[in-house]
Amino acid sequence: MRHFSSIWITLVSLAALLLLQGCATPTRQPAVPENLQNQARIPGLEGIRYRVGSPDDLAAMARDGLESVQREQAFLASNGHRGPLPPAAFLAISGGGDNGAYGAGLLNGWTAAGDRPTFKVVTGVSTGALSAPFAFLGPKYDATLKEVYTTISAKDIVEPRGILAALTDDAMADNRPLRNLIKKYVNRELLDAIAAEYAKGRLLLVGTADLDARRGVIWNLTKLATYPDSRALELFQTLLVASAAIPGAFPPVLIDVEVNGQPYQEMHVDGGAMAQVFVYPPSLDLKAMGRKTGNQRERRVYVIRNSRLDPDWAQVERQAMSIAGRAVSSLIHTQGIGDLYKIYLTTQRDGVDFNLAYIPASFNAPHREEFDTEYMRQLYALGYDLAAKGYPWQKAPPGLIVAKSQ
């Protein structure tokens, strides 16, 4: 989100004061020790996540991907399908705060255009994680997407805390309203609908950032939805909150885990701290896996970047906070573009068709505050109109010239 970088800088500048104050801060259970990271489990809810960078988890993700293809084949066969697998479409929705209204409008306009695919895989980070379950379930939830991104305001997301929260608490604002909003829409009925799609071989994945381990974590929400345990619904809701928990601005989410019966807690925050958008880890070579298993098929990736990608000009005041805040926001902006290049290069290696959408530079509606309802309505309308007419998907990230075949 655009304006929260200044909060991060404020927190950094105030951190030194913690050494001088006797303020009590929130406590937590011990973090998982470094040498036990890959052994941490959520009792009773096994096999629902992949820690980025873990060879064992990468292998588990590859196995789960292959099993999803087997479920898909069985489902298609039960409906009379014969022959090779049909093309697979992947959808990746990025972070971007209230800019998520653009992606919501685009998806609903895509429905109106009549050629929106049923996605084999849907991934989301931050605001993208909040919209991913509805995007995954398809046009039946278009009205929900529109409602969420055109009727809410800041009071539906956060409750501001006092300035002393920087010294005494874990965030500058309380995101309890967001949690309540998620509970309103994410219920057992929605999980059952997602579980039904899991049986067809489809996957819904969201990303969080484990701050203790400083690594990204990808959560398989489709598999989580198959657990009838009431804790599955609570964890599903919690993970959506965690993926959008901007460090310093919103409280982190503590997830209870165990190692050999010993309880620990992991601290999870906005997945954008590790990646603004993802499809699958580059270490998974889909082309090689397809050759090995005989499951070669046409694949397309659609990336919705809920942000403008052109430089955002602003006069920077000659003040430490202004300079530092501008530098941090620039870092976030360029990280997001770097994520697009990573996805693009991975798709080119794997023979996957790349398609990119982002907010055009021509959009300049007034933005008075975070989750400005009128701003979101205009952004939603822009995404809807562009997609309803046939979205002009970009075939490469900005600045990259793609050579045309002769």
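Analysis parameters
- Within each chain, residues carry numbers counting from 1 in the order of the written sequence.
- Local features are withheld for residues below a pLDDT of 70 in this predicted model, meaning they are given only at 70 or higher, and side-chain atom pairs are given and counted only at 80 or more; totals for whole chains, interfaces and linings count all residues.
- For side-chain calculations, the full set of non-hydrogen atoms in the structure is used, while hydrogens and water are omitted.
- Helix and strand assignments follow DSSP, with helices taken as H or I runs no shorter than four residues and strands as E runs no shorter than two, numbered in order from the N terminus.
- Our radius of gyration looks at C-alpha atoms and nothing else; its globule reference is 2.2 Å times the residue count to the power 0.38.
- For the exposure calls, accessible area comes from a 1.4 Å probe over protein chains only, and a residue counts as buried if that area is under 20% of its type's maximum, exposed if over 50%, partly exposed in between.
- Contacts are assigned to residue pairs with any non-hydrogen atoms lying within 4.5 Å of each other.
- Residue burial considers only the protein chains on display, and all accessible areas are found by Shrake-Rupley using a 1.4 Å probe.
- As defined here, a cavity is a set of points on a 1 Å grid over the protein atoms alone where a 1.4 Å probe fits but cannot get out. A pocket is an open set with protein on both sides within 12 Å along at least five of seven lines, and residues line them when an atom is within 4 Å of a point.
- Grid points are joined across faces, edges and corners, and a volume is the space filled by probe spheres set on the points.
- Each residue gets one label: Ala, Val, Leu, Ile, Met, Phe, Trp, Tyr, Cys and Pro are nonpolar, Asp, Glu, Lys and Arg are charged, and the others, such as Gly, are polar.
- Pairing of N or O atoms within 3.5 Å defines a polar contact, subject to two protein rules: one partner must be a possible hydrogen donor and the other a possible acceptor, and residues neighboring in sequence count only if both atoms are side-chain atoms.
- Any two strands between which DSSP finds at least two bridges are classified as paired.
- Seen with its strands pointing away from the viewer, a crossover is right-handed when the path leading from the first strand over the helix to the second is clockwise.
- Throughout this description, the term nonpolar core refers to a set of buried Ala, Val, Leu, Ile, Met, Phe, Trp, Tyr and Cys residues connected via side-chain atoms within 4.5 Å.
- Working rule for helices: expected span equals 1.5 Å times residues minus one.

Enquirer: Before we go on, may I ask you to explain the overall build of the protein chain in this structure?
Expert: Counting secondary structure elements, the protein chain contains 13 helices and 11 strands. For the protein chain, whose C-alpha radius of gyration is 21 Å, the value lies close to the compact-globule estimate of 22 Å for 406 residues. Taken along its principal axes, the extent of the C-alpha atoms in the protein chain is 70 × 55 × 40 Å. Looking at the protein chain as a whole, 51% of its 406 residues qualify as buried. A fraction of 78% describes how many contacts in the protein chain between residues 6 or more apart in sequence connect residues 24 or more apart. Roughly 18900 Å² of accessible area belongs to the protein chain as shown, and the carbon and sulfur atoms make up 55% of that amount.

Enquirer: Help me understand empty space enclosed by the protein, please; the structure alone is not making it clear to me.
Expert: Sizing a probe to match a water molecule and rolling it over the atoms shows the empty space that remains. As enumerated under the stated definition, the model contains two cavities of 30 Å³ or more in all. Approximately 420 Å³ is the volume found for the largest cavity. If you go around the largest cavity, you meet 25 residues; those closest to its centre are Gly65, Leu66, Ser68, Leu286 and Met289. For the lining of the largest cavity, the element with the highest residue contribution is helix α2 (residues 55-78), accounting for seven residues. Classifying every residue of the lining of the largest cavity by side-chain character gives 15 nonpolar, six polar and four charged. In this structure, the second largest cavity spans a volume of roughly 250 Å³.

Enquirer: What is the right way to look at the side chain of Arg297 in this model?
Expert: Along the chain, Arg297 turns up in the loop between α11 (286-293) and β10 (299-308). A residue is classified by how much of its surface remains accessible, and Arg297, at 13% relative accessible area, is buried. Separated by 2.8 Å, the side chain of Arg297 and the backbone oxygen of Pro86 make a polar contact.

Enquirer: Help me understand the pairing of strand β3 (residues 121-125), please; the structure alone is not making it clear to me.
Expert: With five of five residues buried, β3 lies mostly within the body of the structure. Side-chain alternation along β3 places Val121, Thr123 and Val125 on one buried face and Val122 and Gly124 on a second face that is also buried. The sheet contact formed by strand β2 (residues 88-93) and β3 spans four bridges and is parallel. Along β3, the bridge assignment pairs Leu91 with Val122. Chirality of the crossover, the property in question, places the unit of β2, helix α3 (residues 100-113) and β3 among those that are right-handed. Inspection of the sheet shows β3 paired to strand β6 (residues 203-210) by five bridges, in the parallel sense. The residue bridging Val122 from the neighbouring strand is Leu204, located in β6.

Enquirer: Hey, could you run me through the pairing of β10 in this one?
Expert: Where a strand is regular, its side chains alternate between the two sheet faces. Across the 10 residues that make up β10, a large majority, eight, are buried. Pairing of β2 with β10 involves six bridges; the strand directions are parallel. Along β10, the bridge assignment pairs Ala88 with Arg299. Direction of pairing for β10 relative to strand β11 (residues 353-359): parallel, over a ladder of seven bridges.

Enquirer: What exactly am I supposed to notice about the nonpolar core here?
Expert: Nonpolar side chains in soluble globular proteins tend to end up buried together. Counting residues in each nonpolar core, the largest one holds 81 residues, and the members touching the most others are Leu91, Leu106, Leu190, Trp219, Leu221, Leu224 and Phe236. Counting residues per element, this core draws most heavily on helix α10 (residues 230-243), at eight residues. Among the nonpolar cores identified, the runner-up in size contains 30 residues, and Ala60, Ala92, Val277 and Ile343 belong to it.

Enquirer: For this particular structure, what's the right way to read α10?
Expert: Structural remark: α-helix, 3.6 residues per turn; residues separated by three or four positions point the same way. Taking 1.5 Å as the rise per residue, α10 with 14 residues should run 20 Å; its terminal C-alpha atoms sit 21 Å apart, in good agreement. For α10, the buried fraction is high: 11 of the 14 residues fall into the buried class. Along α10, the positions that sit buried rather than exposed are Ala232, Leu233, Leu235, Phe236, Gln237, Thr238, Leu239, Leu240, Val241, Ala242 and Ser243.

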